[in-house]
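# Observations on chain architecture
What follows is the residue order along each chain.
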Amino acid sequence: MTPLLEVRGIDKSFGPVQVLHDVAFSAHAGEVTALVGDNGAGKSTLVKCVGGIYPIDSGEIVFDGRPVQVHGPRDAGELGIEIVYQDLALCDNLDIVQNMFLGRERRRGLVLDEASMEELAEQTLSGLSVRTVKSIRQQVSSLSGGQRQTVAIAKAVLWNSKVVILDEPTAALGVAQTAQVLELVRRLADKGLAVVLISHNMNDVFAVSDQIAALYLGRMAAQVRTADVTHAQVVELITSGRSGDLGIVP
Ligand SMILES: Nc1ncnc2c1ncn2[C@@H]1O[C@H](COP(=O)(O)OP(=O)(O)OP(=O)(O)O)[C@@H](O)[C@H]1O
Ligand SMILES: [Mg+2]
């Protein structure tokens, strides 16, 4: 089966520092692909390259079997690639609807089409079985961490997305909220999206992923099916870049 999103041979440097070396990675529709690696391994940089935030130095991005150019977030958005960034990017002083449509507001003539935005926001949240949010006109500052993450994910899903990339969505969450967000992650994949989940938490990764890709010092150590590896093997890949037959050959 052709991956929905694939990158090959990605190199990326910031000035003299090369952060990504010849990285290959793929994500399939209907699956959760976990992207793991230690702090500074290059996970966020990789997804920012895919999302058009950073230009790549070399390599290719292939979408649904076809090489594509992603020169900015708009290109990524047009392909159906949405990223929920580590630093969330929701505006505290705006309500849920305003956040979900920020920069892409619907208008009727000169005025904002509030009714249709509300309806679509409501539909999206309920389509994701999100029931903990009391009112979509609630300011985001009044939401819990888990609810914020949910809104950020719903915002990403609103735009006919095909690939949703979540950078550490559960990092700041408690047990119950983490479970809620992971359930949502699984539901997105079950709806047919290709979901990429960046996480440091092995329990989360094993609970929800179909495949695991481990970055080690900017190199892809291995991408494997979750069912084929143990926690210990993945931890080894993260900390040393190899585990038995898997990983980078020294
Ligand atoms: N804009 C930038 N300019 C220069 N160096 C950068 C920039 N962004 C990231 N780096 C460097 O690239 C490396 C990879 O960073 P990145 O944020 O991709 O890691 P990460 O795997 O997401 O880590 P974490 O798990 O801590 O979020 C780090 O050494 C970081 O200092
Ligand atoms: Mg990061």
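Residues numbered from 1 in each chain as written. Chains lettered and ligands numbered in written order. Predicted model: local features only at pLDDT ≥ 70, side-chain atom pairs only at ≥ 80, totals over all residues. Heavy atoms only, no water.

The next point concerns the site of ligand 1. Close to ligand 1 lie 14 residues, the nearest being G40, K43, S44, T45 and H200. The separation between an oxygen atom of ligand 1 and a polar side-chain atom of N39 is 2.8 Å. The contact in question runs from an oxygen atom of ligand 1 to an N or O atom on the side chain of H200, over 2.8 Å. Summarising the interface, the protein chains cover 61% of the accessible area of ligand 1, which totals 630 Å² for the free molecule. In terms of residues, the shell around ligand 1 owes the most to one element, helix α1 (residues 43-50), which gives 3 residues. When grouped by side-chain class, the residues that make up the shell around ligand 1 number 4 nonpolar, 7 polar and 3 charged. (Near = heavy atom within 4 Å. Polar contact = N/O pair within 3.5 Å; in protein donor to acceptor, adjacent residues only side chain to side chain. Areas by Shrake-Rupley, 256 points an atom, 1.4 Å probe, with all protein chains shown as cover. Helix = DSSP H or I, 4+ residues; strand = E, 2+ residues; numbered from the N terminus. Nonpolar A, V, L, I, M, F, W, Y, C, P; charged D, E, K, R; others polar.)

Right, let's talk about the nonpolar core for a bit. Formed by 36 residues in total, the largest nonpolar core has its most connected members in I96, M100, I153, L166 and V195. For this core, the secondary-structure elements that each account for two or more residues are α3 (96-100), α4 (114-127), α5 (145-157), β9 (163-167), α6 (175-190) and β10 (194-198). Once residues within four sequence positions are removed from consideration, I96 is found in contact with L125, V133, S135, I136, Q138, V140, L143 and V151. By size, the runner-up hydrophobic cluster in this structure holds 32 residues, among which are I10, V19, L79 and A194. (Core = buried A, V, L, I, M, F, W, Y, C linked by side-chain atoms within 4.5 Å. Buried < 20%, exposed > 50% of the residue type's maximum accessible area, 1.4 Å probe, protein only. Contact = heavy atoms within 4.5 Å.)

On to the pairing of strand β11 (residues 211-216). With respect to burial, β11 is a largely interior element, 5 of its 6 residues being buried. Sheet topology note: the strand β3 (residues 32-36)/β11 ladder contains 4 bridges and is parallel. Paired with L35 across the bridge in β11 is A213. Counted along the chain from β11 to the antiparallel partner strand β12 (residues 219-225), the turn is 2 residues long, and its residue L217 has a positive phi close to 45°. (Pairing = 2+ DSSP bridges.)

A few words on the pairing of β3. Residues in a regular strand point their side chains to alternate faces of the sheet. Taking burial as the measure, the 5 residues of β3 include 5 buried ones, the bulk of the element. Here β3 shows no split at all, with V32, A34 and V36 on one side and T33 and L35 on the other all buried.

For the largest pocket, the calculated volume is near 590 Å³. Along the walls of the largest pocket sit 22 residues, with P73, E82, I83, R104 and K155 positioned nearest its centre. Contributions of two or more residues to the lining of the largest pocket are made by α2 (73-79), β6 (81-84) and α5. No other element matches the 5 residues that α2 contributes to the lining of the largest pocket. Taken together, the residues of the lining of the largest pocket sort by class into 14 nonpolar, 3 polar and 5 charged. (1 Å grid on protein atoms, 1.4 Å probe; cavity = no way out; pocket = protein on both sides within 12 Å on 5 of 7 lines; lining within 4 Å. Points joined across faces, edges and corners; volume = space filled by probe spheres on them.)

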